[in-house]
Number of protein chains: 2
Amino acid sequence: MSEFVSFPLALAAEQFAKLPGIGIKTAQRLAYYVLNQPENEVRQFAENIIKARESVKLCSCCQNFTEREICEICSDEERDKSIICVVESPKDVSAFERAGGYEGLYHVLHGLLSPMDGITAEDLKIKELLSRLTDVKEVIMATNPTVEGEATAMYIGRLIKPMGIKVTRLAYGLPAGSALEFADDVTLVKALENRNEL
Amino acid sequence: MSEFVSFPLALAAEQFAKLPGIGIKTAQRLAYYVLNQPENEVRQFAENIIKARESVKLCSCCQNFTEREICEICSDEERDKSIICVVESPKDVSAFERAGGYEGLYHVLHGLLSPMDGITAEDLKIKELLSRLTDVKEVIMATNPTVEGEATAMYIGRLIKPMGIKVTRLAYGLPAGSALEFADDVTLVKALENRNEL
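These numbers were taken from a predicted model, which means no experiment stands behind them. (Residues numbered from 1 in each chain as written. Chains lettered and ligands numbered in written order. Predicted model: local features only at pLDDT ≥ 70, side-chain atom pairs only at ≥ 80, totals over all residues. Heavy atoms only, no water.)

Chemist: Before we go on, may I ask you to explain the packing of helix H1 (residues 7-17) of chain A against helix H3 (residues 39-55) of chain B in this structure?
Modeler: Describing two packed helices takes the angle between their axes plus the distance from one axis to the other. Closest axis-to-axis distance for the H1(A)/H3(B) pair is 8 Å, and the angle between their directions is 160°. Classed by the angle they form, the pair H1(A) and H3(B) counts as roughly antiparallel. Pair H1(A) / H3(B) crosses with left-handed handedness. The residues of H3(B) that touch H1(A), namely those facing Phe7(A), Pro8(A), Leu11(A), Ala12(A), Gln15(A) and Phe16(A), are Gln44(B), Phe45(B), Asn48(B), Ile49(B), Lys51(B), Ala52(B) and Ser55(B). A class-by-class count of the residues in the contact of H1(A) with H3(B) yields eight nonpolar, four polar and one charged. (Axes fitted to C-alpha atoms, helices over the stretch in contact; angles between N-to-C directions. Helix = DSSP H or I, 4+ residues; strand = E, 2+ residues; numbered from the N terminus. Parallel < 35°, antiparallel > 145°, perpendicular 65-115°, else oblique. Left-handed = near helix turned anticlockwise from the far one by under 90°. Contact = heavy atoms within 4.5 Å. Nonpolar A, V, L, I, M, F, W, Y, C, P; charged D, E, K, R; others polar.)

Okay, structure coming up:
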């Protein structure tokens, strides 16, 4: 007896299974949910996704997602244009903005150097970063504390330092609210090295 | 400083967050992925979901999802029309068909009795089940082994038995490949009660 799944269920499940981190079981659950929703709501759902994709552009300055030529942050007159925080992805910009406290600008690389995956400097928005460094005093390398994040920070740091611009890196340390006993060794050693006077 | 998320990212994330079991973090991850995909692929993805929803109908016999008037299983001449396996949802039909070995027909209830959630017999496809019982010899109640599944099986069983039709229930027992020590008490007691001669 062959595997039987009704055509609409299979078609919808197939779509969801294309998304990252969505396995076949979850895809079927989502498909089942969608097929049970009112038709106009499903249409709205799908059309909004198309709309989001169609309207998305990269800010010609910071390369973040935006629907304008220059994004909201880059065109905000009140922000400090002498500091640029370099991040891997638009999600990271959201994270910093949610946390608050940072008044400078951003630059989104759209990836990290990863020779194993064939991602080289040309695949990242590094040229775009270098071309906007006039009048910039500090570049904060805010890539993830992973091997790729470190390598990318080092690589870009070496390009920028000779231009006489201060390059800094996010601090390593214990995450707020965590327990010392669960911290990994690298984090603990870094937290100790970077200890501050009380 | 207010939370900043670019409009397209927020719009796409909002759509994904509507899906069951998709939290805001996952929704953002999916939105980010979608915005990075080629526009025609995203369009295809969204249009296929609309297409699946538009083409879905309920089989006028078994109530399973189909794009035809009578589904593939109900119109299969080789299947045993004297046995009906009653399940909660179309996913369960897929599960049985995947497992193989069942040659009868199905009936999809599209839910389980749940007075707490206001789901009564009228909300399920019970009328449709009762109206197709001519020439049926056995009805297998294959709802989940949960409180709602049991209650629904009992309720429907009581409606059908007086019609002189055999009503059976899926066996409780140890799942294949599991370890005895991890089985819950109810399962263990049932497995013992329903023991078979070797």
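Chemist: Hey, could you run me through the pattern of salt bridges in this one?
Modeler: Here the idea is simple: oppositely charged side chains can pair when their charged atoms come close. Following the criterion strictly, the structure yields eight salt bridges over all chains and no others. The salt bridge involving Glu54(B) is made with Arg43(A); its shortest N-O contact spans 2.2 Å. Remark: Arg43(A) occurs in helix H3 (residues 39-55) and Glu54(B) occurs in helix H3; the pair is interchain, linking two chains. Take Glu54(B): its relative accessible area is 41%, and that puts it in the partly exposed class. It is possible to trace a salt-bridge network through shared partners that takes in Arg43(A), Glu47(A) and Glu54(B). (Salt bridge = Lys/Arg side-chain N within 4 Å of Asp/Glu carboxyl O. Buried < 20%, exposed > 50% of the residue type's maximum accessible area, 1.4 Å probe, protein only.)

Chemist: Hey, could you run me through the packing of aromatic side chains in this one?
Modeler: Each pair of aromatic rings is reported with the distance of its centres and the angle of its planes. For the structure on display, the rule yields eight aromatic pairs over all chains. Ring centres 5.9 Å apart and planes at 45° place the aromatic pair Tyr32(A) and Phe65(B) in the tilted group. Residue Tyr32(A) is located in helix H2 (residues 24-35), and its partner Phe65(B) is located in strand E2 (residues 65-66); the two belong to separate chains. What makes Tyr32(A) buried here is its relative accessible area of 15%. What makes Phe65(B) buried here is its relative accessible area of 2%. Relative to Tyr106(A), the ring of Phe96(A) has its centre 6.2 Å away and its plane inclined at 40°; by these criteria the two rings are tilted. Highlighted residues: Phe96(A) in helix H4 (residues 90-99) and Tyr106(A) in strand E4 (residues 104-108), separated in sequence by ten residues. In this structure Phe96(A) comes out as partly exposed when scored by relative accessible area, which is 24%. Looking at Tyr106(A), the relative accessible area reads 1%, which means it is buried. (Phe/Tyr/Trp six-rings, centres within 6.5 Å; stacked < 30°, edge-to-face > 60°.)

Geometry only, nothing functional implied.
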